[in-house]
Amino acid sequence: MHVLLVKTSSLGDVVHNLPMVTDMAVMRPGIVIDWLVEPAFADIPAMHPAIRSVIPADIRRWLRAPWDRGTWRGVRALRARLTKTTYDLILDTQGLAKSALIARLARGPLYGPDRHSAREPLAAAFYTRGLPMSRDRHAVWRNRMLGAGALGYPLPETMPDYGLAVPPSGDTGGPFCIAFHATSRASKLWPPGHWGMLGQALRRQGFRILLPSGSAREQAAAAKITAAIGDGALALPRTGIRELAGVIAQARMAVGVDTGLLHLAAALGRPTVGIFRDSDPAQTGVLARDAVNLGGLRSCPTVDEVRAALARLGIGDAA
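Worth saying up front: this structure is predicted, and the values here are computed from it rather than measured.

A. View of the overall build of the protein chain. The helix and strand inventory of the protein chain stands at 12 helices and 12 strands. The C-alpha atoms of the protein chain give a radius of gyration of 20 Å, which matches the 20 Å a tight globule of 319 residues would have. When the 319 residues of the protein chain are sorted by exposure, 54% land in the buried category. Taking contacts inside the protein chain between residues at least 6 apart in sequence as the whole, the part at least 24 apart equals 58%. Accessible surface computed for the protein chain: about 13900 Å², of which carbon and sulfur atoms make up 53%. Side-chain charges of the protein chain comprise 38 positive and 25 negative groups, with the mean position of each set lying 5 Å from the other.

B. Expanded view of helix 12 (residues 303-312). Along helix 12, the positions that sit buried rather than exposed are Val303, Val306, Arg307, Ala309 and Leu310. Projected onto a plane normal to the axis of helix 12, the buried residues spread over an arc of 155° and lie on a single side. Facing away from the buried side of helix 12, by more than 90 degrees, are the exposed residues Asp304 and Arg312. Looking at the buried side of helix 12, the elements it contacts are helix 7 (192-204), strand 10 (253-257), strand 11 (272-276) and strand 12 (291-295).

C. Region of the structure containing the nonpolar core. Core analysis: the largest hydrophobic core is formed by 58 residues, its most contacted members being Ile44, Ile178 and Leu264. Leave out the neighbours within four places in its chain, and Leu264 touches Val15, Ile44, Leu164, Ile241, Ala245 and Ile248. Ranked by size, the runner-up nonpolar core spans 26 residues in total, among them Cys177, Phe207, Val306 and Ile315.

D. Structural context of the sheet that holds strand 4 (residues 89-92). Taken together, six strands build an open sheet; the order of strands is 3-2-1-4-5-6 and the sheet is parallel. Unpaired on one side and paired on the other, strand 3 (51-56) and strand 6 (129-131) mark the two borders of the sheet. Mean inter-strand twist for the sheet, computed between neighbouring axes without regard to direction, equals 25°. With four bridges joining them, strand 1 (residues 2-6) and strand 4 adopt parallel strand pairing. Residue pairing for strand 4: Leu4 is matched across the bridge by Ile90. Here helix 6 (residues 139-151) sits on the sheet in contact with strand 4, strand 5 (110-113) and strand 6, set at roughly 160° to strand 4.

E. Spotlight on the sheet that holds strand 10. Read across the sheet, six strands follow the order 9-8-7-10-11-12 without closing on themselves; strand pairing throughout is parallel. Strand pairing shows two members of the sheet lacking a second neighbour, strand 9 (233-235) and strand 12, which therefore form its edges. The mean angle between the axes of side-by-side strands here comes to 15°, regardless of whether they run parallel or antiparallel. Examined bridge by bridge, strand 8 (residues 208-211) and strand 9 share three bridges and lie parallel to one another. Looking at strand 9, one finds that Leu211 is bridged to Ala235. Taken strand by strand, helix 7 contacts strand 7 (176-180), strand 8, strand 10 and strand 11, and its axis lies near 175° from that of strand 10. Sitting on the sheet, helix 9 (residues 241-248) is in contact with strand 7 and strand 8, with an inclination near 135° to strand 7.

F. Structural context of unusual backbone geometry. A cis amide bond links Ser9 with the next residue in sequence, Ser10, at an omega value of -10°. Here Ser10 lies in the loop between strand 1 and helix 1 (11-27). Located in the positive-phi region is Arg298, a residue other than glycine, with phi close to 55°. Tracing the chain through its elements places Arg298 in the loop between strand 12 and helix 12. Judged by relative accessible area, which is 74%, Arg298 ranks as exposed.

G. Fine view of the pattern of salt bridges. Under the defined criterion, the tally for this structure stands at six salt bridges. Between Asp23 and Arg144 there is a salt bridge whose closest N-O contact spans 2.7 Å. Linking Asp23 in helix 1 with Arg144 in helix 6, this pair joins segments that are 121 residues apart in sequence. Note on accessibility: Asp23 and Arg144 belong to one class, buried. For the salt bridge of Asp258 with Lys188, the shortest nitrogen-to-oxygen distance reads 3.3 Å. Here Asp258, found in the loop between strand 10 and helix 10 (260-267), pairs with Lys188, found in the loop between strand 7 and helix 7; they are 70 residues apart in sequence, far enough to count as distant. The pair formed by Asp258 and Lys188 is uniform in burial state, with each residue classed as buried.

H. Spatial organisation of the side chain of Arg144. Among the residues examined, Arg144 registers a relative accessible area of 0% and is labelled buried. A distance of 2.8 Å separates a polar atom in the side chain of Arg144 from the backbone oxygen of Thr158. The contacts of Arg144, once residues within four sequence positions are left out, are Pro19, Met20, Asp23, Leu155, Pro156, Thr158, Met159 and Pro160.

So, how was this worked out
- Residues numbered from 1 in each chain as written.
- Predicted model: local features only at pLDDT ≥ 70, side-chain atom pairs only at ≥ 80, totals over all residues.
- Heavy atoms only, no water.
- Helix = DSSP H or I, 4+ residues; strand = E, 2+ residues; numbered from the N terminus.
- Rg over C-alpha atoms; globule rule 2.2 N^0.38 Å.
- Buried < 20%, exposed > 50% of the residue type's maximum accessible area, 1.4 Å probe, protein only.
- Contact = heavy atoms within 4.5 Å.
- Areas by Shrake-Rupley, 256 points an atom, 1.4 Å probe, with all protein chains shown as cover.
- Lys, Arg positive; Asp, Glu negative; His and termini not counted.
- Charge placed at Lys NZ, Arg CZ, Asp CG, Glu CD.
- Arc of directions from axis to C-beta.
- Core = buried A, V, L, I, M, F, W, Y, C linked by side-chain atoms within 4.5 Å.
- Pairing = 2+ DSSP bridges.
- Axes fitted to C-alpha atoms, helices over the stretch in contact; angles between N-to-C directions.
- Salt bridge = Lys/Arg side-chain N within 4 Å of Asp/Glu carboxyl O.
- Polar contact = N/O pair within 3.5 Å; in protein donor to acceptor, adjacent residues only side chain to side chain.

Next up, the structure:
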């Protein structure tokens with residue numbers, strides 16, 4: 001069976017689709033899966049052994065410049081690649097009109113969430129078949145429901161298996177905590193002073209603190225946090241997702257705000273504490289065996305709460 005999965009963005013959402021891929025590979029041995037995704041996130045599905053090929057689609061750039069010649073060349077090239085294969089099933093888990101339209105470029109029956117479940121009900125009009133999924137469950141479970149419904153196997157009730165295979169990235173110089181301090185919305189950030197106090201407490205327990213960043217603004221924020229923590233804190237240089245995943249895979253623990261890299265850390269099996277200030281962890285929190293979510297909408301978890309959560313995961317103490 002040859003399946004095309006359409007989940008283009010964002011980083012956390014792409015990670016949330018990985019357990020569904022693992023389910024498909026287990027429940028339908030021999031299945032061949034291609035994944036259509038934004039180029040910025042292509043490294044994530046490429047690290048799952050059940051994915052045969054990753055097909056990049058620069059949809060965000062195309063939408064910013066719809067009349068640009070490069071946009072039309074990109075769409076034509078994508079269509080030419082997709083139409084080389086006739087898929088037994090195309091599954092759009094994005095549930096948006098734009099993802100459904102892109103999915104229609106491929107050959108094969110197109111499935112996706114029904115109009116009661118899709119993020120944009122209009123998307124369901126493009127599907128050969130719409131599938132129901134519960135809005136009350138976590139995003140990982142909603143995706144697993146879609147996969148089970150589309151391929152006709154019983155929904156597994158096991159904990160999610162993200163299935164990533166990531167080689168380590170060199171010597172990291174001893175046990176460390178990777179701290180995801182940056183995110184897309186200011187309302188999701190944790191106060192820099194809190195990061196400083198947490199980092200100092202972890203340093204006293206023998207851990208180094210590594211802070212990854214993307215933009216120049218995030219790098220500046222990381223520099224302030226490392227200065228507040230002192231020796232043993234390091235603001236990491238900008239790097240690609242695959243290289244950063246190799247670093248994350250060696251972390252003793254991960255602590256972070258609601259950002260895709262936090263979900264990647266949990267997917268890589270790191271003990272993870274999620275700090276939520278302006279989103280609902282019941283819907284999009286960290287979902288893994290060794291994970292604790294703190295906070296929620298209009299909240300601000302304290303440093304002591306984060307330390308206590310780490311202690312529950314068997315790391316350090318809350319004193």
